[in-house]
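# Close look at the chain arrangement
Residues per chain are reported as follows:
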Amino acid sequence: MAKPKYSSPKGIKDILAPESGARRALLDLFSQEAWLAGYGEIVLPMFEEVGVFSRVGESTEIVQKQMYDFYDKDERHIVLRPESTASVMRAFIEHRPTLPWKCWYEGAHFRYEKPQAGRFRQFHQVGIELLGAEDPVADAEVIALGWGFLNKAGAKIKLLINSLGDAASREKYVAELGKYLESHLSDLSDSAKTTLKLNPLRVLDSKIPTDMKVTSEAPEMKKFLSTQDTDHFQEVCENLKNLGIEYELAPRLVRGLDYYTRTAFEYVSVDLDIAHDALGGGGRYDGLSESLGGPECVGVGFAIGIDRTLLAIKEKISSEIATKSLDVFIADLVGDSALMIAMELRSVGISTDYSFGRRSLKAQMKQADRSGAQVALIIGEEELEKDSVSLVELRKSEGEMREKSEQDLILRSELTSEIRKYLNK
Ligand code: AMP
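So, here's what we can say about the structure.

Conventions used here
- One numbering rule holds for all chains: residues counted from 1, following each sequence as written.
- The predicted origin of the model limits local features to residues at a pLDDT of at least 70 and limits the giving and counting of side-chain atom pairs to 80 or more, whereas totals for whole chains, interfaces and linings rest on all residues.
- The basis for every side-chain value is the complete set of non-hydrogen atoms in the structure, without hydrogens or water.
- Think of it this way: any DSSP run of H or I at least four residues long counts as a helix, any run of E at least two long counts as a strand, and we number them from the N terminus.
- Think of it in three bands: residues with accessible area under 20% of the maximum for their type are buried, residues over 50% are exposed, and the middle band is partly exposed, with areas taken using a 1.4 Å probe on protein chains only.
- A contact between two residues is defined here by any heavy atoms of the two lying within 4.5 Å.
- All accessible areas in this document rest on Shrake-Rupley with a 1.4 Å probe, and a residue is counted as covered only by the protein chains that are shown.
- In this count, Lys and Arg are taken as positive residues and Asp and Glu as negative ones, while His and the chain termini are left out.
- All charge positions are set by atom: Lys at NZ, Arg at CZ, Asp at CG, Glu at CD.
- Note on geometry: axes are C-alpha line fits, over the in-contact stretch for helices, and angles between N-to-C directions span 0 to 180 degrees.
- By definition in this entry, angles of less than 35 degrees are roughly parallel, angles greater than 145 are roughly antiparallel, angles of 65 to 115 are roughly perpendicular, and the rest are oblique.
- Two helices crossing with the near one rotated counterclockwise from the far one by less than a right angle form a left-handed crossing, whereas a clockwise rotation gives a right-handed crossing.
- When residues are sorted by character, Ala, Val, Leu, Ile, Met, Phe, Trp, Tyr, Cys and Pro go into the nonpolar class, Asp, Glu, Lys and Arg into the charged class, and all the rest, Gly among them, into the polar class.
- Pairing of aromatic side chains here covers Phe, Tyr and the six-membered ring of Trp, requires ring centres within 6.5 Å, and sorts the geometry by plane angle: under 30 degrees stacked, over 60 edge-to-face, intermediate tilted.
- To estimate the expected span of a helix, subtract one from its residue number and multiply by 1.5 Å.
- Patch membership is restricted to residues that have no salt bridge and whose relative accessible area is over 30%. Joining uses 9 Å for like charges and 5 Å for the nonpolar side chains Val, Leu, Ile, Met, Phe, Trp and Tyr.
- Only one rule defines a salt bridge in this text: a Lys or Arg side-chain nitrogen within 4 Å of an Asp or Glu carboxyl oxygen.
- A pair of strands is considered paired only if DSSP assigns at least 2 bridges between the two.
- Nearness is defined per residue: one heavy atom within 4 Å of the molecule or strand is enough.
- Polar contacts, as counted here, are pairs of nitrogen or oxygen atoms within 3.5 Å of one another; within protein the pair requires one atom able to donate a hydrogen and one able to accept it, and residues that are adjacent in sequence qualify only if both atoms are side-chain atoms.

### Structural notes on the overall build of the chain
Looking only at helices and strands, the chain features 17 helices and 16 strands. Structurally, the chain occupies a C-alpha span of about 90 × 50 × 45 Å along its principal axes. Within the chain, the fraction of its 425 residues that count as buried is 49%. Sequence-distant contacts, at least 24 apart, represent 70% of the contacts inside the chain between residues at least 6 apart. Looking at the chain as shown, the accessible area adds up to about 21,800 Å², and 52% of this sits on carbon and sulfur atoms. Computing the positive centroid from 55 side-chain charges and the negative centroid from 68, the chain places the two 4 Å apart.

And the structure:
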């Protein structure tokens, strides 16, 4: 094939069927889980004024280097959303829904990253936010929802959890951490040295092996937590235990944005490479509303990456799609009734396709096989005379091809009910 004149922008990929089918199944599963837990969907803008994001992560890579920003025709400084928690908070401040407020979202997000496995410039996130509840049960509910979703999706995950304390205890910790990192400056990467000047906490997030060696010995947040923070964290853990959710304490876990307080957590795939093994994560962000000019309002939430989750469950995707394959393919040799029959079957929930142009039986049956359909319906002169169609079973239930000798003649008037019976629908 000749090289196309245009291709998708760097770091962004088109997603075609059948891959898009597994993705859609994941999105449906997520909306179902969120609905079951009383979360309502919020549909957010794809872009916001720069201030929505810049104030919540000035020392982070996301805000410093990865924002897709531009000036619109009215000279407004606009950013394609790199995440959605800040947008949700902006929407809360604007609309003031009754608290506690539980919402979920899904959509494309944008970060100008170096494209590599599991890291794209446009990626899809799903997430929930629970605003207005300080109760540690809220943290546990949020963590449990993401955990349940990923498990149902078939991902093998570890749950890492930490407490970052409130602003006052974190300030003391950051000072101590800064001193420690300064004393190991020569062992740190250049990017970690730069990050250190902006925010020592962020150095803990580095995935560069030499930095990780230094940070693995760094002081832990635990010792700096206030009694209230410690109690809150213990109750979160207690609730998770009661739910039978296993977790690992990760005393140096920090998140990619600056606004987190108290609980921070991450869902890590055990099947993916360390550079991109985080499927999602979140935490509490008790000061975020105020930093965006809003009222005092606590919150907790998470975001999960759909592209990365799909990578983590790659092995299981084919069976997922197999259950969603086409029901019926019509091979019309006479050439005038395929669309009508297809519409009839589709209207009762039987997925149906057919080929265009009057092609040979062989060509149409080849297309039927490729389509993944369970059965083919053949309409030839003979069938037309008898006001019938021939049904050919294409697959065994395990998805294998069956001998094509088994062919039944079905009356046109009984077609829908016969196929329903056949497909168990
Ligand atoms: P974050 O908002 O950075 O906590 O990211 C939450 C999740 O979104 C990550 O765990 C990933 O699954 C996904 N994610 C973040 N950035 C990217 C990216 N550049 N490409 C693909 N997925 C991403």
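Okay, back to it.
### Quick look at the packing of helix α5 (residues 136-153) against helix α10 (residues 227-242)
The packing of two helices is summarised by the inter-axis angle and the distance between the axes. The contact between α5 and α10 brings their axes to 8 Å, and the two run at 45°. One finds that α5 runs oblique with respect to α10. In the crossing of α5 with α10, the sense of the turn from one axis to the other is right-handed. Contacts from Pro136, Val137, Asp139, Ala140 and Ile143 of α5 reach α10 at His232, Glu235, Val236, Asn239 and Leu240. Residues that form the contact of α5 with α10 fall into these classes: six nonpolar, two polar and two charged.

### Points about the packing of aromatic side chains
Counted under the stated rule, the structure contains nine aromatic pairs. Judged by centre distance (5.2 Å) and plane angle (70°), the ring pair of Tyr354 and Phe356 falls under edge-to-face. Residue Tyr354 is classed as buried on the basis of its relative accessible area, which comes to 12%. Since its relative accessible area comes to 63%, Phe356 is described here as exposed.

### A word on helix α6 (residues 167-182)
When the terminal C-alpha atoms of α6 are compared, their 22 Å separation across 16 residues agrees well with the 22 Å that a helix rising 1.5 Å per residue should span. Of the positions making up α6, those classed as buried are Ser169, Arg170, Tyr173, Leu177, Gly178, Tyr180 and Leu181. Looking at the packing, one finds that the buried side of α6 touches α7 (190-198), α8 (200-203), α9 (209-215), α10 and β9 (261-269).

### Notes on a positive patch on the surface
Residues Arg359, Lys362, Lys366 and Arg370 make up a contiguous surface patch of positive charge. Structurally, Lys362 is set in helix α15 (residues 361-371). With a relative accessible area of 71%, Lys362 lands in the exposed category.

### Regarding the side chain of Asp211
Structurally, Asp211 is set in helix α9. No salt bridge is formed by the buried Asp211. Its closest oppositely charged neighbour is Lys193, at 8.2 Å. Sequence-distant contacts of Asp211, that is, excluding residues within four places in its chain, are made with Asp187, Leu188, Ser189, Ala192 and Ser206.

### Observations concerning the pairing of strand β11 (residues 299-305)
A large share of β11 lies buried, amounting to seven of its seven residues. Neither face of β11 is left uncovered, since the one carrying Gly299, Gly301, Ala303 and Gly305 and the one carrying Val300, Phe302 and Ile304 both have all their residues buried. In the sheet, strand β6 (residues 122-131) pairs with β11 via seven bridges, with the strands oriented antiparallel. Each bridged residue has a counterpart across the sheet, and for Ile128 the counterpart in β11 is Phe302. The pairing of strand β10 (residues 278-284) with β11 spans five bridges and is classified as antiparallel. Paired with Arg284 across the two strands is Val300, which belongs to β11.

### Considerations on the site of the ligand
Around the ligand, the structure places 14 residues, and the nearest of them are Arg111, Glu113, Phe120, Arg255 and Ala278. Here an oxygen atom of the ligand sits 2.9 Å away from a polar atom, N or O, in the main chain of Leu279. Within the backbone of Gly305, an N or O atom sits 3.4 Å from an oxygen atom of the ligand. Against a free-state accessible area of 480 Å², the protein chains account for coverage of 92% of the ligand. Elements with a minimum of two residues in the shell around the ligand: β6, β10 and β11. Here the shell around the ligand takes three residues from β10, the largest share from any one element.

### Observations concerning the sheet that holds strand β3 (residues 68-71)
Pairing within the open sheet is antiparallel, and its three strands lie in the order β2-β4-β3. In this open sheet, the two edge strands, each paired with only one partner strand, are β2 (47-49) and β3. Each neighbouring strand pair of the sheet contributes to a mean axis angle of 30°, computed without reference to strand direction. In the sheet, β3 pairs with strand β4 (residues 77-80) via four bridges, with the strands oriented antiparallel. When the sheet's bridge partners are listed, Asp69 is paired in β4 with Val79.

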